2 protein chains.
Amino acid sequence: MVFEDITETFKALSDPTRQDILMRLRRRRMTPGKLATYFDISKPSLSHHLAILHRANLIDSERVGQKIYYSFNATVFYEIMNKFINSLKK
Amino acid sequence: MVFEDITETFKALSDPTRQDILMRLRRRRMTPGKLATYFDISKPSLSHHLAILHRANLIDSERVGQKIYYSFNATVFYEIMNKFINSLKK
DNA sequence: TTATTGTTTAGATAGTTGTCTAATTATCTA
DNA sequence: TAGATAATTAGACAACTATCTAAACAATAA
């Protein structure tokens, strides 16, 4: 039994920087530029982390002009968590 | 904000082999020797995965003679999951 | 003690990941 | 179109991870 998307989700969640990004986005959407002010890493590194979170469907993105707003996707997060927890209960 | 133990938990969960190990252990405890019959990896590799799960407190171990029985620790699993989920809700 | 079974540790190696700088793409404004 | 701003992509590199074989450790039985 393999859980492709669950593995991707857990991998995305298993980095402190990405956990912190989710914390920052859990209340309000934010651009990479704004997010970068909270982290001591380069913008390309931050962009890399956002791409991983996005690929795992943990965040959504919306472009507004030059800016891209990222937001936490709680629905997908809970769906995947429940999927794994339920598979443990069976 | 950093979540040391949560990171260790997610890292432990982010490997398909380890997810599969937890599935195998969720109903009944099992020895590495027995577990090995279900996986196409060497026993040292399996032992390595068990050590990672054990360090993350996702499984418990009990030696009985020559054998060591590993079992899924659901309590710790749910505690850590809830800790992360609650920190997202705040 | 010696042999057997069960498991882990040691050491090596290929593949993956997080980071950086430099370059590129996308959008807006003058 | 040119210049400025926002963000990503490309390429390189060090650190980490999963895997293997061989060796070592632990417990039991002859």
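Keep in mind that what you see is a predicted model, and the values were worked out from it rather than measured.

## Describing the protein's contact with DNA strand D
Then, in step 1: In the vicinity of DNA strand D lie 22 residues, with Thr31, Gly33 and Tyr70 of chain A together with Ser45 and His49 of chain B positioned nearest.
Then, in step 2: In DNA strand D, atoms within 4 Å of the protein come 73% from sugar and phosphate.
Then, in step 3: Between DNA strand D and the protein, one listed contact pairs a phosphate oxygen with a side-chain N or O atom of Ser47 of chain A at 2.8 Å.
Then, in step 4: Here Tyr70 of chain A contributes a side-chain N or O atom positioned 2.4 Å from a phosphate oxygen of DNA strand D.
Then, in step 5: Taken together, the elements giving at least two residues each to the surface near DNA strand D come down to helix 3 (32-36), helix 4 (43-55) and strand 2 (67-72) of chain A together with helix 4 (43-55) of chain B.
Then, in step 6: The element best represented in the surface near DNA strand D is helix 4 of chain B, accounting for five residues.
Then, in step 7: Each residue belonging to the surface near DNA strand D can be placed in one class, and the counts come to seven nonpolar, ten polar and five charged.

## Re the interface of chain A and chain B
Then, in step 1: In this assembly, 26 residues from chain A lie in contact with 26 residues from chain B.
Then, in step 2: Per-residue buried area on chain A facing chain B is highest for Gln19, Met23 and Leu88 of chain A; these three make up 23% of the total on that side.
Then, in step 3: At the boundary of chain A and chain B, one finds zero salt bridges.
Then, in step 4: The interface formed by chain A and chain B holds eight residue pairs in polar contact (both at pLDDT 80 or more) in total.
Then, in step 5: When contributions to the side of chain A that touches chain B are tallied by element, the ones reaching two or more residues are helix 1 (4-13), helix 2 (16-25) and helix 5 (74-89) of chain A.
Then, in step 6: With eight residues, the top contributor of residues to the side of chain A that touches chain B is helix 5 of chain A.

## Focus: the protein's contact with DNA strand C
Then, in step 1: Near DNA strand C you find 23 residues, and of these Ser45 and His49 of chain A together with Gly33, Gln66 and Tyr70 of chain B are the closest.
Then, in step 2: A breakdown of the atoms of DNA strand C within 4 Å of the protein gives sugar and phosphate a share of 73%.
Then, in step 3: Residue Gln66 of chain B places a side-chain N or O atom 2.7 Å away from a base oxygen belonging to DNA strand C.
Then, in step 4: Backbone polar atom of Ile68 of chain B to a phosphate oxygen of DNA strand C: 3.5 Å apart, as the coordinates give it.
Then, in step 5: At the level of secondary structure, the elements contributing two or more residues to the surface near DNA strand C comprise helix 4 of chain A together with helix 3 (32-36), helix 4 and strand 2 (67-72) of chain B.
Then, in step 6: Counting residues per element, the surface near DNA strand C draws most heavily on helix 4 of chain A, which supplies five residues.

## Notes on the packing of aromatic side chains
Then, in step 1: Summed over the entire model, instances satisfying the criterion amount to nine aromatic pairs over all chains.
Then, in step 2: Here Phe10 of chain B and Phe84 of chain B contribute two aromatic rings whose centre-to-centre distance is 5.1 Å and whose plane-to-plane angle is 85°, an arrangement assigned as edge-to-face. Here Phe10 of chain B is found in helix 1 (residues 4-13), whereas its partner Phe84 of chain B is found in helix 5 (residues 74-89), with 74 residues between them in sequence.
Then, in step 3: Assessed through its relative accessible area of 1%, Phe10 of chain B is described here as buried.
Then, in step 4: On the basis of an interplanar angle of 75° and a centroid distance of 5.3 Å, the ring pair of Phe77 of chain B and Tyr78 of chain B is categorised as edge-to-face.
Then, in step 5: Overall, the relative accessible area of 0% leaves Phe77 of chain B in the buried class.
Then, in step 6: Residue Tyr78 of chain B is classed as partly exposed on the basis of its relative accessible area of 27%.
Then, in step 7: We note Arg24 of chain A situated over the ring of Tyr38 of chain A; from NZ or CZ to the ring centre the distance is 4.1 Å.

## Notes on helix 4 of chain B
Residue and element names in this part refer to chain B.
Then, in step 1: In this model helix 4 runs 18 Å from its N-terminal to its C-terminal C-alpha over 13 residues, within 8% of the 18 Å that 1.5 Å per residue would give.
Then, in step 2: Those residues of helix 4 not exposed but buried are Leu46, His49, Leu50, Ile52 and Leu53. Angularly, the buried residues of helix 4 cover 160° about the axis, an arc narrow enough to put them on a single face. In this structure, helix 4 carries Pro44 and Arg55 as exposed residues pointing more than 90 degrees from its buried face.

## As for helix 5 of chain A
Then, in step 1: Here helix 5 of chain A contains 16 residues, and its C-alpha end-to-end distance of 22 Å stays within 8% of the 22 Å for a straight helix at 1.5 Å per residue.
Then, in step 2: One side-chain oxygen of the residue at the start of helix 5 of chain A lies 3.3 Å from the amide nitrogen of Thr75 of chain A, identifying that residue as Asn73 of chain A.

The rules behind each value
- Residues numbered from 1 in each chain as written.
- Chains lettered and ligands numbered in written order.
- Predicted model: local features only at pLDDT ≥ 70, side-chain atom pairs only at ≥ 80, totals over all residues.
- Heavy atoms only, no water.
- Near = heavy atom within 4 Å.
- Polar contact = N/O pair within 3.5 Å; in protein donor to acceptor, adjacent residues only side chain to side chain.
- Helix = DSSP H or I, 4+ residues; strand = E, 2+ residues; numbered from the N terminus.
- Nonpolar A, V, L, I, M, F, W, Y, C, P; charged D, E, K, R; others polar.
- Contact = heavy atoms within 4.5 Å.
- Buried area = accessible area lost by both parts, 1.4 Å probe.
- Salt bridge = Lys/Arg side-chain N within 4 Å of Asp/Glu carboxyl O.
- Phe/Tyr/Trp six-rings, centres within 6.5 Å; stacked < 30°, edge-to-face > 60°.
- Buried < 20%, exposed > 50% of the residue type's maximum accessible area, 1.4 Å probe, protein only.
- Lys NZ or Arg CZ within 6 Å of the ring centre and 35° of its normal.
- Expected span 1.5 Å × (residues − 1).
- Arc of directions from axis to C-beta.

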